[in-house]
Amino acid sequence: MEIDYILDQIYTLPRSSANMLKKYVSIRNYPKGHLLIKAGSVERKLYFIKSGIVRAFSESEMGETTFWFGEEGETAISMNGYVQNKKGYENIQLLEDCVFYELDIKDLNYLYENDIHIANWGRKFAEKEILKMEYRIISRELLEAGDRYKDLLNNYPNLVRRVPLKYIASYLGITQVSLSRIRKTIILKN
């Protein structure tokens, strides 16, 4: 996925502003399994996923809990690092070999201060991230596990083919056995 398309999905910039922002973007390749962002560190980079898939998870005494997946066109970021320059709570792990567009948050803040269009792009970026987070929280609280799985199938059909079931089960807040039952029920209905 090309950087122009990704940027425009957030907010369409005038060409001169988009070109200015792209001057600060570099391409990075990392292998499957790599931890792009590590919990407990101050992350000062913003990543746009050119190709590949990632998951965000946190660790506790009960194990790992996956709470987000990102695929081509999405942004991988520690919001604590981005907004507050503080340590993040999440790990972001690559589930496939990935290619990213990388942007240093220091450079992005410079662009925010010097180009109103890029500042507006940043506002829209933050708004969209908040809405995605709100949706994840509400669906986790209000939907039954089977409905959450159907929602995942409808909104991210490629995920279920590309992500190990143990991570999908963790994301849905259920065991792998429960996920198998849900999948079997859905298959039988179709």
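Bear in mind the structure is a predicted one, so any value in this text is a computation, not a measurement.

**Considerations on the overall build of the chain**
(1) Moving on: Looking only at helices and strands, the chain features nine helices and eight strands.
(2) Moving on: Relative to the compact-globule value of 16 Å for 190 residues, the chain shows a C-alpha radius of gyration of 18 Å, a close match.
(3) Moving on: Dimensions of the chain, computed from the C-alpha atoms along their principal axes, are close to 55 × 35 × 30 Å.
(4) Moving on: The proportion of buried residues among the 190 residues of the chain is 42%.
(5) Moving on: For the chain, restricting intrachain contacts to residue pairs at least 6 apart in sequence, the fraction spanning at least 24 positions comes to 72%.
(6) Moving on: Looking at the chain as shown, the accessible area adds up to about 10500 Å², and 52% of this sits on carbon and sulfur atoms.
(7) Moving on: Across the chain, the 28 positively charged side chains and the 25 negatively charged ones have centroids separated by 3 Å.

**Looking at unusual backbone geometry**
Residues apart from glycine generally show negative phi values, whereas peptide bonds are mostly found in trans.
(1) Moving on: One non-glycine residue, asparagine 85, adopts positive backbone phi at about 55 degrees.
(2) Moving on: The residue asparagine 85 is located in the loop between α3 (79-84) and β7 (91-94) in this model.

**Brief notes about the layout of surface pockets**
(1) Moving on: In this model, the largest pocket occupies a volume close to 690 Å³.
(2) Moving on: Elements with a minimum of two residues in the lining of the largest pocket: β5 (63-70), β6 (75-76), α3, α5 (116-142), α6 (145-155) and α8 (165-172).
(3) Moving on: It is α5 that provides the largest number of residues to the lining of the largest pocket, a total of ten residues.
(4) Moving on: There is about 280 Å³ of room inside the second largest pocket.
(5) Moving on: Considering the residues around the second largest pocket, the lining is formed by 13 residues, among which Gln9, Ile10, Gly73, Glu74 and Lys132 are closest to the centre.
(6) Moving on: At the level of elements, α1 (3-10) and α5 are the ones that each hand at least two residues to the lining of the second largest pocket.
(7) Moving on: In terms of residue class, the lining of the second largest pocket is made up of five nonpolar, three polar and five charged.

**A few points about the packing of aromatic side chains**
What describes a pair of aromatic rings is the distance from one ring centre to the other and the angle between the planes of the rings.
(1) Moving on: In the structure shown here, the tally under the stated rule is eight aromatic pairs.
(2) Moving on: With centroids separated by 6.4 Å and ring planes inclined at 50 degrees, the aromatic side chains of tyrosine 24 and tyrosine 110 adopt a geometry described as tilted. Taken together, the positions of tyrosine 24 in the loop between α2 (15-22) and β1 (25-30) and tyrosine 110 in helix α4 (residues 105-114) put the pair 86 residues apart, joining distant regions of the chain.
(3) Moving on: Classification of tyrosine 24 as partly exposed rests on a relative accessible area of 28%.
(4) Moving on: Ring centres of tyrosine 30 and phenylalanine 100 lie 6.1 Å apart, and the angle between their planes is 55 degrees; this geometry places the pair in the tilted category. In this pair, tyrosine 30 is assigned in strand β1 and phenylalanine 100 in strand β8 (residues 98-104), connecting sequence segments 70 residues apart.
(5) Moving on: Taken together through their ring pairs, the aromatic side chains of Phe48, Tyr82, Trp121 and Phe125 make up a single cluster.

**Quick look at the sheet that holds β5**
(1) Moving on: Pairing is antiparallel across the open sheet formed by four strands, whose spatial order is β2-β7-β4-β5. For this open sheet the edge positions go to β2 (35-37) and β5, each flanked by a neighbour on one side alone. The mean angle between the axes of side-by-side strands here comes to 35 degrees, regardless of whether they run parallel or antiparallel.
(2) Moving on: Two strands pair when backbone bridges link them, and strand β4 (residues 54-60) and β7 are joined in this way by four bridges, in the antiparallel orientation.

**Points about α1**
Each α-helix winds once per 3.6 residues, and so residues spaced three or four apart point in a common direction.
(1) Moving on: Of the positions making up α1, those classed as buried are Ile3, Ile6, Leu7 and Ile10. Burial along α1 is one-sided: seen end-on, the buried residues are contained in an arc of 95 degrees.

Cut-offs and rules
Residues numbered from 1 in each chain as written. Predicted model: local features only at pLDDT ≥ 70, side-chain atom pairs only at ≥ 80, totals over all residues. Heavy atoms only, no water. Helix = DSSP H or I, 4+ residues; strand = E, 2+ residues; numbered from the N terminus. Rg over C-alpha atoms; globule rule 2.2 N^0.38 Å. Buried < 20%, exposed > 50% of the residue type's maximum accessible area, 1.4 Å probe, protein only. Contact = heavy atoms within 4.5 Å. Areas by Shrake-Rupley, 256 points an atom, 1.4 Å probe, with all protein chains shown as cover. Lys, Arg positive; Asp, Glu negative; His and termini not counted. Charge placed at Lys NZ, Arg CZ, Asp CG, Glu CD. 1 Å grid on protein atoms, 1.4 Å probe; cavity = no way out; pocket = protein on both sides within 12 Å on 5 of 7 lines; lining within 4 Å. Points joined across faces, edges and corners; volume = space filled by probe spheres on them. Nonpolar A, V, L, I, M, F, W, Y, C, P; charged D, E, K, R; others polar. Phe/Tyr/Trp six-rings, centres within 6.5 Å; stacked < 30°, edge-to-face > 60°. Pairing = 2+ DSSP bridges. Axes fitted to C-alpha atoms, helices over the stretch in contact; angles between N-to-C directions. Arc of directions from axis to C-beta.

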